[in-house]
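# Architecture and fold: a report
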Amino acid sequence: MLFNVNQHEAYCYTGGKLLKPELPTVVFIHGAQNDHSVWGLQSRYFAHHGYNVLAVDLPGHGRSKGPALTSIEDMAHWLLALLDAAQIQQATLVGHSMGSLVALETCANAPQRVSKLCLIGTAYPMKVSDTLLNAARDEEQTAIDMVNIWSHTSMAHKPSFPGPGFSVLGGSQRLMQRLSKINPDKLFYTDFFACNAYANGEAAAHTVQCPTLFVIGKKDMMTPPKATTTLTNIITRGKITLIENCGHSLMSEQSDAVLNTLFQFVKA
Amino acid sequence: MSGPHYPGFDTLSLHAGAAPDPATGARATPIYLTSSYVFKDSDHAASLFNMERAGHVYSRISNPTNAVLEERIAALEGGVAGIAVASGQAALHLGLATIAGAGSHIVASRALYGGSQNLLAYTMKRFGIETTFIDPRDMDAWRSAIRPNTKALFAETLGNPGLDVLNIPEIAAIAHENFLPLLVDSTFTTPYLLRPFDLGADLVFHSATKFLCGHGTAIGGLLVDGGTFDWQEAYDKTGRFSELCEPYEGFHGMVFSEESTVAAFSLRARREGLRDFGACMSPHNAFAILQGIETLGLRMDRHVANTRKVVEFLVSHPAVASVSYPELPTHPDYELAKMLLPKGCGAVFSFNIKGDRAAGQRFVESLNLFSHLANVGDAKSLVIHPASTTHFRVPAQQLSASGITEGTMRLSVGLENVDDLIEDLSRGLKAAQKGA
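Residues numbered from 1 in each chain as written. Chains lettered and ligands numbered in written order. Predicted model: local features only at pLDDT ≥ 70, side-chain atom pairs only at ≥ 80, totals over all residues.

### Considering the overall build of chain A
Defined as follows: What counts as a helix is a DSSP run of H or I of at least four residues, what counts as a strand is a run of E of at least two, and both are numbered from the N terminus. Throughout, radius of gyration means the C-alpha value; the globule benchmark is 2.2 Å times the number of residues raised to the power 0.38. Exposure classification rests on a simple neighbour count of other C-beta atoms within 10 Å of a residue's own: a residue reaching 20 or more is buried, one at 12 or fewer is exposed, and one in between is partly exposed. C-beta atoms are placed from the backbone.
Check the secondary structure of chain A and you find 11 helices and eight strands. Taking 268 residues into account, the globule formula puts the C-alpha radius of gyration at 18 Å, and chain A, at 17 Å, falls close to it. Viewed in the frame of its principal axes, chain A has a C-alpha envelope of about 45 × 40 × 40 Å. Relative to its full complement of 268 residues, chain A shows a buried share of 58%.

Structure follows, in structure tokens:
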């Protein structure tokens, strides 16, 4: 589904459904150098189980036009503008990695618009190493390889994503490459720069009043479990779900476990 | 070694897609001989059918043993998905039928395996899909054959029977300039010798019966999606590939290119092609092919090493008129082969013995180690004499149109001790010349 946000076309995957005003809405926000398709299984399930789904492509990512936004704050403003364009007054925000910071910041900016908050593969501060940041700027393919290798724990994901016969590592690599092809303007670096520069996480976390869920991969090397403690120590009422045998690509490495905890949380 | 790195080829050959069996701890991949899978509850069933959860429903669509094979070949090729099917022919059919229908057009190399040639020239034509066959070395021919209704360019990595080395980078560029995918049959090269996606191809298929299985024990095909081709961009620019970019009534109005940015092709191929055409692979065969793939790198090195020695022997033999192998300077693709196939040009090649059809027959009938049969890529060495088998009704003067003579032999060099193979060939050549 396409919306006009800040004079640019904005794409959201809706699970093949039209939005219905009477249904609650769940917004899925992808991470750096990704698009809506990383939520393929979770978003489709919600869309067919009583929810409006907006799995966004952030500006400059995938099918959404316009330049990539350079700060988490700008992405959060864009997300609120998207909700306006979609005429959604309140939604559950589900963010992965960079998207989790966008969800957190959006919640701080407009708490009345956020019914629940789910932060998957999150960290604060979300520092990106100089090696990775420089690779993203100077050798994007190297950065893609680093992130792909560090984000996965296995060569054999069962039942794989989006289904049997698909290579999780191969799909993740190609998606990042495709994002670069669609937007060759150093997208990965822009996203990483935004993560690295975001400094409002603690302040934002202190404002969070809505039910919050943290979903953490036990073997996550990109945003290790200990890197979540700044946020979990502030949002003390937040529920924490640790996913076994899982790295940073939680939605594809353990699609059912992520969906189950997410659906239980949103439905409660 | 510094920095992160992907597992190497041999590691992937053993581990990609396979973990110890969660039910039993079995280290080898079990053969899941089951047609179907018990749902946890009604919601689980519905969500599996509607692609909201990943899992198995019915073994025509997916099977745990087959999935290991599919994920392994995807990893070895550097693609996003594999689909195991009943044969190489089924893989070619699935690849084309997923994106082509009545009124579509394919541009194909004329240097194809006879089965592929038949499928395209006669059978697909009966279903409204036309093919233009062109010389795979002629780049202008590739370009000029493309029509508005063309859906794919197709060729073999090593053409039949002359081992034309496919210039994948150039042909892929032509395909992509026209927003078309390049499909290649990589059976003769396997991902060990050549990874077509690295060179620009978009879809790959194998007759897994050959080197991947490697032991002549199972028929099977594998279709691999590189995830490289942007179907949505091609649809936006040309209107082609509505199969992937418009709602599909046959699957709840799903738009495959929205569901997956990089694996739309594989989603449709599995959800439509396996479901409706039904040419799935038996899990028994998937197991046999997995066993073969575990040693693919080791075997291909030996296949190539033996082939080089056999070629060297034949080139200098007085009873041999010519040898066609891309590593020979006399081969028209010698330079291209050095660039694209540095590990070797495989183990299947043709040579011409001096003499008539009867000489050829004497040759094959006097071999002991080389088995006279219609297959390639076995651990055991194989031979076929086209003039007395596949082309036995074809008059001598017409054989040349197919690139063969009455004395043409096709060898598939196996893993035996190469001195024994050479001795066997010496015996055959001597017998061939006796009647001359």
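### Digging into the overall build of chain B
Note the threshold: By the convention adopted here, residues are in contact when the distance between their C-beta atoms, placed from the backbone, does not exceed 7 Å.
For chain B, the count of helices and strands is 19 helices and 12 strands. Taking 22 Å as the expected radius of gyration for a compact globule of 436 residues, we find that chain B reaches 22 Å, a close match to that expectation. Each principal axis of the C-alpha atoms in chain B carries an extent, and together these give about 75 × 55 × 50 Å. The buried share of chain B, taken over its 436 residues, is 56%. For chain B, contacts bridging at least 24 residues in sequence account for 72% of all contacts bridging at least 6.

### Focus: the interface of chain B and chain A
We count it as follows: Each residue receives one of three labels: charged for Asp, Glu, Lys and Arg, nonpolar for Ala, Val, Leu, Ile, Met, Phe, Trp, Tyr, Cys and Pro, and polar for the others, Gly being one of them.
Each side of the interface is counted separately: chain B has 43 residues, and chain A has 34 residues. For the side of chain B that touches chain A, the secondary structure elements donating two or more residues are helix 1 (9-15), helix 3 (64-77), strand 1 (81-85), helix 12 (256-259) and helix 13 (264-277) of chain B. For the side of chain B that touches chain A, a count of residues per class yields 18 nonpolar, 17 polar and eight charged.

### With respect to the domain arrangement of chain B
By a widespread convention, an interface's size corresponds to the accessible area lost as its parts come together. All names here are of chain B. Applied cut-off: Domain start and stop positions are those given by an automatic or database domain assignment.
The assigned domain composition of chain B is domain 1 (9-292) and domain 2 (297-434). If you average the C-alpha positions of domain 1 and of domain 2, the two centres end up 30 Å apart. At the junction of the two partners, domain 1 supplies 24 residues and domain 2 supplies 28 residues. Residue assignment for the side of domain 1 that touches domain 2 shows that the elements contributing at least two residues are helix 1 and helix 8 (190-193). The residue makeup of the side of domain 1 that touches domain 2, split by class, is 12 nonpolar, nine polar and three charged.

### Observations concerning the packing of helix 15 (residues 296-315) of chain B against helix 19 (residues 418-434) of chain B
All names here are of chain B. Worth spelling out the cut-off: Angles shown run from 0 to 180 degrees and are taken between the N-to-C directions of axes, each axis being a line fitted to C-alpha atoms and, for helices, limited to the stretch in contact. We call a crossing left-handed when the near helix sits turned anticlockwise from the far one by less than a right angle, and right-handed when that turn is clockwise.
Two elements in contact, helix 15 and helix 19, have axes whose closest approach is 10 Å; the angle formed by their N-to-C orientations is 35°. Relative to helix 19, the crossing made by helix 15 is right-handed. In this structure, helix 15 contributes Asn306, Lys309, Val310 and Phe313 to the contact, and helix 19 contributes Val418, Leu421, Ile422 and Leu425. Here the contact of helix 15 with helix 19 is composed, by residue class, of six nonpolar, one polar and one charged.

### What to know about the sheet that holds strand 10 (residues 371-372) of chain B
Residues and elements named next belong to chain B. Our working rule: One requirement defines pairing of two strands: DSSP has to find at least two bridges between them.
Taking strand neighbours across the sheet as the criterion, the five strands line up as 8-9-12-11-10 in an open arrangement whose pairing is mixed. Only two strands of the sheet have a single partner each, and these edge strands are strand 8 (320-324) and strand 10. Of the pairings in the sheet, the one linking strand 8 to strand 9 (residues 348-353) comprises four bridges and is antiparallel in character. When the sheet's bridge partners are listed, Ser324 is paired in strand 9 with Ser350. Helix 17 (residues 357-365) contacts strand 9, strand 10, strand 11 (382-384) and strand 12 (408-412) of the sheet and is inclined by roughly 130° relative to strand 9.

### As for the environment of Val311 of chain B
Residues and elements named next belong to chain B. Considering the arrangement of structural elements, one finds Val311 in helix 15. You can call Val311 buried: it has 20 C-beta atoms within 10 Å. Setting aside residues no more than four positions away along its own chain, Val311 makes contact with Val323, Tyr325, Leu328 and Phe349.

### As for the nonpolar core
What counts, and what does not: In these notes, a nonpolar core means any group of buried Ala, Val, Leu, Ile, Met, Phe, Trp, Tyr and Cys residues linked to one another through C-beta atoms within 7 Å.
Residues Leu93 and Val94 of chain A together with Ile171 and Ile289 of chain B are the most contacted members of the largest nonpolar core, which totals 218 residues. Residues from two domains meet in this core; each of domain 1 (9-292) and domain 2 (297-434) of chain B gives at least three. When near neighbours in sequence (up to four residues on either side) are disregarded, Ile289 of chain B contacts Leu69, Ala208, Leu212, Cys213, Ala218 and Gly220 of chain B.

### Describing helix 5 (residues 140-151) of chain A
Residues and elements named next belong to chain A. Here is the rule we go by: A helix's residues, less one, multiplied by 1.5 Å, set its expected span.
Here helix 5 spans 16 Å end to end across 12 residues, near enough to the 16 Å set by a 1.5 Å rise per residue. Regarding helix 5, the residues found buried are Glu140, Ala143, Ile144, Met146, Val147, Asn148 and Ser151. In this fold, the buried residues of helix 5 make contact with helix 4 (130-138), helix 6 (168-182) and helix 7 (187-197).

### A few points about unusual backbone geometry
Residue Pro125 of chain A is reached from Tyr124 of chain A by a cis peptide bond, and omega for that bond is -5°. Position of Pro125 of chain A relative to the elements: it lies in the loop between strand 6 (114-120) and helix 4. At the junction of Asn160 of chain B and Pro161 of chain B, the peptide bond is cis and its omega measures out at 0° in the coordinates. With respect to the element layout, Pro161 of chain B can be found in the loop between strand 4 (150-156) and helix 7 (168-177). Of note in the backbone geometry, Asn6 of chain A takes a positive phi value of approximately 50° without being a glycine. Within the secondary structure layout, Asn6 of chain A lies in the loop between strand 1 (2-5) and strand 2 (8-13). C-beta crowding within 10 Å serves as the criterion here: with 14 such atoms nearby, Asn6 of chain A is assigned to the partly exposed category. If you check the backbone angles, Thr190 of chain B has positive phi at about 60° while not being a glycine. The topology assignment puts Thr190 of chain B in helix 8.

### Regarding the pairing of strand 1 of chain A
All names here are of chain A. Relative to strand 2, strand 1 runs antiparallel, the two sharing four bridges. In the sheet register, Phe3 faces strand 2, and the bridge partner there is Ala10. Linkage of strand 1 to strand 2, two consecutive antiparallel strands, is achieved through a turn of two residues, within which Asn6 is found at a positive phi near 50°.

### Here's the deal with the sheet that holds strand 6 (residues 203-207) of chain B
All names here are of chain B. Overall, mixed pairing links the seven strands, which are arranged 1-7-6-5-4-2-3 in an open sheet. At either end of the open sheet lies a strand with only one pairing partner, and these are strand 1 and strand 3 (130-134). Going across the sheet, the axis of each strand differs from the next one's by a mean of 20°, ignoring polarity. With four bridges joining them, strand 4 and strand 5 (residues 182-185) adopt parallel strand pairing.

### Here we look at helix 5 (residues 114-126) of chain B
Residue and element names in this part refer to chain B. So the rule is basically this: To get the bend at a given residue, fit one axis to the seven residues ending there, fit another to the seven starting there, and take the angle between those axes.
With 13 residues, helix 5 extends 17 Å between its outermost C-alpha atoms, agreeing within 8% with the 18 Å of an ideal straight helix rising 1.5 Å per residue. Helix geometry: helix 5 is bent most strongly at Leu120, by close to 35°. Among the residues of helix 5, those classed as buried are Ser116, Leu119, Leu120 and Met124. Summarising the contacts, the buried residues of helix 5 are in contact with helix 4 (88-97), strand 2 (105-109), strand 3 and strand 5.

### Considerations on the pairing of strand 9 of chain B
Consecutive side chains of a regular strand alternate in pointing toward one face of the sheet and then the other. All names here are of chain B. Where burial is concerned, most of strand 9 is hidden: five out of the six residues are buried. One ladder, built from five bridges, connects strand 9 with strand 12; its direction is antiparallel. Within strand 12, the position partnered with Val348 by the bridge is Ser412.

### Examining the environment of His5 of chain B
With respect to the helices, strands and loops of the structure, His5 of chain B is situated in the segment before helix 1. The exposure class assigned to His5 of chain B is exposed, which follows from the 10 C-beta atoms found within 10 Å.

### Thoughts on the packing of helix 4 of chain A against helix 5 of chain A
All names here are of chain A. The criterion, for reference: Roughly parallel refers to an angle under 35 degrees, roughly antiparallel to one over 145, roughly perpendicular to one between 65 and 115, and oblique to any angle outside these ranges.
The interhelical angle for the contact between helix 4 and helix 5, taken along N-to-C directions, is 135°, at an axis separation of 6 Å. With respect to helix 5, the axis of helix 4 lies oblique. Residues Leu132, Ala135 and Ala136 of helix 4 touch helix 5, and the partners they reach there are Glu140, Thr142, Ala143 and Met146.

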